[in-house]
Amino acid sequence: MDQGSEENQTKTSGSDSGTDPHTPVLRINQLDAFELDSALDQLVWNHFFQCFQNFRPGLLTPLEPELRALLQLLVWRFTLYSSSATVGQSLLSLRYHNTLSTSARYRPLSRRQKLSLALLTVGPCWLRERSHSLLLSLGLGPGGSLAGGDAGILRQGLRHSLALISGISQIAGFVNFLVFLRKGRHPVLAERIVGARAVFSKPNAVRDVTYQYMNRELLWHGFAEFLIFLLPLVNMRKVKSTAYSLLFGREGADREGARGGSGAWKECGLCGEWPTMPHTVGCGHVFCYYCVKSHAIADPYLTCPRCGAEAGQPEPVKVEVELGGR
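In short, a report on the structure.

Calculation rules
Residues numbered from 1 in each chain as written. Predicted model: local features only at pLDDT ≥ 70, side-chain atom pairs only at ≥ 80, totals over all residues. Heavy atoms only, no water. Helix = DSSP H or I, 4+ residues; strand = E, 2+ residues; numbered from the N terminus. Buried < 20%, exposed > 50% of the residue type's maximum accessible area, 1.4 Å probe, protein only. Contact = heavy atoms within 4.5 Å. Areas by Shrake-Rupley, 256 points an atom, 1.4 Å probe, with all protein chains shown as cover. Patch = residues over 30% accessible without salt bridge, like charges linked within 9 Å, V, L, I, M, F, W, Y side chains within 5 Å. Salt bridge = Lys/Arg side-chain N within 4 Å of Asp/Glu carboxyl O. Core = buried A, V, L, I, M, F, W, Y, C linked by side-chain atoms within 4.5 Å. Pairing = 2+ DSSP bridges. Phe/Tyr/Trp six-rings, centres within 6.5 Å; stacked < 30°, edge-to-face > 60°. Lys NZ or Arg CZ within 6 Å of the ring centre and 35° of its normal. 1 Å grid on protein atoms, 1.4 Å probe; cavity = no way out; pocket = protein on both sides within 12 Å on 5 of 7 lines; lining within 4 Å. Points joined across faces, edges and corners; volume = space filled by probe spheres on them. Nonpolar A, V, L, I, M, F, W, Y, C, P; charged D, E, K, R; others polar.

**Overview of the overall build of the protein**
What the protein contains, in helices and strands, is 12 helices and 4 strands. The burial tally for the protein puts 27% of its 326 residues in the buried class. The contacts in the protein between residues at least 6 apart in sequence include a share of 60% that link residues at least 24 apart. Total accessible area on the protein is roughly 22500 Å²; 61% of this is exposed by carbon and sulfur atoms.

In structure tokens:
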């Protein structure tokens, strides 16, 4: 029954739109498809996690690896299993081709290849997150049921074995990625193992991006980089004080600062609070010592934010207090 369905799927897919599996696919298309699939998995997990945000905190933590694997398998069931293409590949007009087939035409993945690809994608992530719990469940933890010496030897051996397997898989994945950069096939090691290769699902499919869109994106990207470079060089405090003096007038600000009285001495010109260790910088306004000193160190050309006058050396405020006799 399974062989008959696979043959029917092969016939329908082989005659579909005359695609040539030997047409090379851009490396950026394959990497974009992989990133889109990763973003989809994270998006599905975030929506699933939000369903339990009003429940007890930490409710999903003990089962998080299993739930993530289950959601990934659920997405796999309705995408790769049914159409031989992931969501990211479908958006970029790609799909998997069975490289183990001797036919020169397109052949979809078999059910065994799809299942193997799913296990090799989901299984290592789940095993990596559950390795410590598995050791504890086997009685190889610090308080395990085995004897102390035997448990220590087995635990150490299993940990070394898991570390060795993880290291070998990481190195193999890195070497596979270097080969992918050189030849442009199989960006993921699991695809090379099961014999799956990304090909175009439509003849002569290209990235459907117009020059107008590309020019607009390049323009905005360059403008954003220019702003990121320019904004740290602009003295925003000086711009603010200049705008303040232009709007309200420098003479009015000077008269307000030189008016004297207790009102001008009750507020720091920088932080707006009661002045701590009040100091002046040459104008009629008062500042906290730490405020004016820190701003003077950060900006050698500091100006008064109230009146726009150039700030001189901070000097303590001298207040004369007269004590009247009884």
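**Overview of a nonpolar patch on the surface**
A surface patch of nonpolar side chains, about 1100 Å² in accessible area, is lined by W220, F223, F226, L227, F229, L230, L231, L233, V234, M236 and V239. Only helix 9 (211–230) and helix 10 (236–248) provide two or more residues apiece to the nonpolar patch. Per-element tally for the nonpolar patch: the top contributor is helix 9, with 6 residues. Residue position: F229 is located in helix 9.

**Thoughts on the nonpolar core**
C268, L270, V281, C283, F287, C288, C291, V292, L302, C304 and C307 together form the largest nonpolar core, which totals 11 residues. Once you skip the residues sitting within four places of it in the chain, V292 turns out to touch L270, V281, F287, L302 and P314. Listed in part, the 9 residues of the second largest apolar core include L117, A118, A190 and V194.

**Topic: the pattern of salt bridges**
Evaluation of the coordinates by the stated rule reveals 2 salt bridges. Note that E64 and R68 form a salt bridge whose closest N and O atoms lie 3.3 Å from each other. Note that E64 and R68 are positioned in helix 3 (residues 64–78) at a spacing of 4 residues, about one turn of the helix. Classification of E64 as partly exposed rests on a relative accessible area of 27%. The class for R68 is partly exposed, based on a relative accessible area of 24%. Put simply, R130 and E66 hold a salt bridge, and the shortest N to O gap is 2.8 Å. One end of the pair, R130, is in helix 6 (residues 111–137); the other, E66, is in helix 3, and 64 residues separate them in sequence. R130 gets classed as buried once you look at its relative accessible area, which sits at 15%.

**With respect to the pairing of strand 2 (residues 196–200)**
Looking along a regular strand, one sees side chains alternate from face to face of the sheet. Counted residue by residue, strand 2 has 5 buried out of 5 residues, so it is predominantly covered. Alternating residues of strand 2 divide into A196, A198 and F200 and R197 and V199, and every residue in both groups is buried. Where strand 1 (residues 94–98) and strand 2 come together, 5 bridges link them in antiparallel fashion. Within the sheet, the bridge partner assigned to Y96 lies in strand 2 and is A198.

**Thoughts on the packing of aromatic side chains**
Evaluated as defined, the whole model comprises 8 aromatic pairs. Measuring from centroid to centroid gives 5.9 Å for F177 and F180, while their planes differ by 40°, and the two rings are tilted. One end of the pair is F177 and the other is F180, both in helix 7 (residues 148–183) and 3 residues apart, which spans about a single turn. Looking at F180, the relative accessible area reads 0%, which means it is buried. Relative to Y290, the ring of Y289 lies with its centre 5.5 Å away and its plane at 75°, an arrangement referred to as edge-to-face. The rings of W45, F48, F49, F52 and F55 are connected pair by pair, giving a single aromatic cluster. One residue, R77, lies across the ring of F78, its end atom 5.6 Å from the ring centre. The residue whose ring lies beneath R95 is Y106, and the NZ or CZ to ring-centre distance is 3.9 Å.

**Focus on empty space enclosed by the protein**
Empty space among the atoms can be located by rolling a probe the size of a water molecule over them. Throughout the structure, instances matching the rule amount to 1 cavity of 30 Å³ or more. Approximately 30 Å³ is the volume found for the largest cavity. Contributing to the lining of the largest cavity are L270, V281, F287, V292, L302, T303, C304, P305 and A311. In the lining of the largest cavity, the residues fall into 8 nonpolar, 1 polar and no charged.

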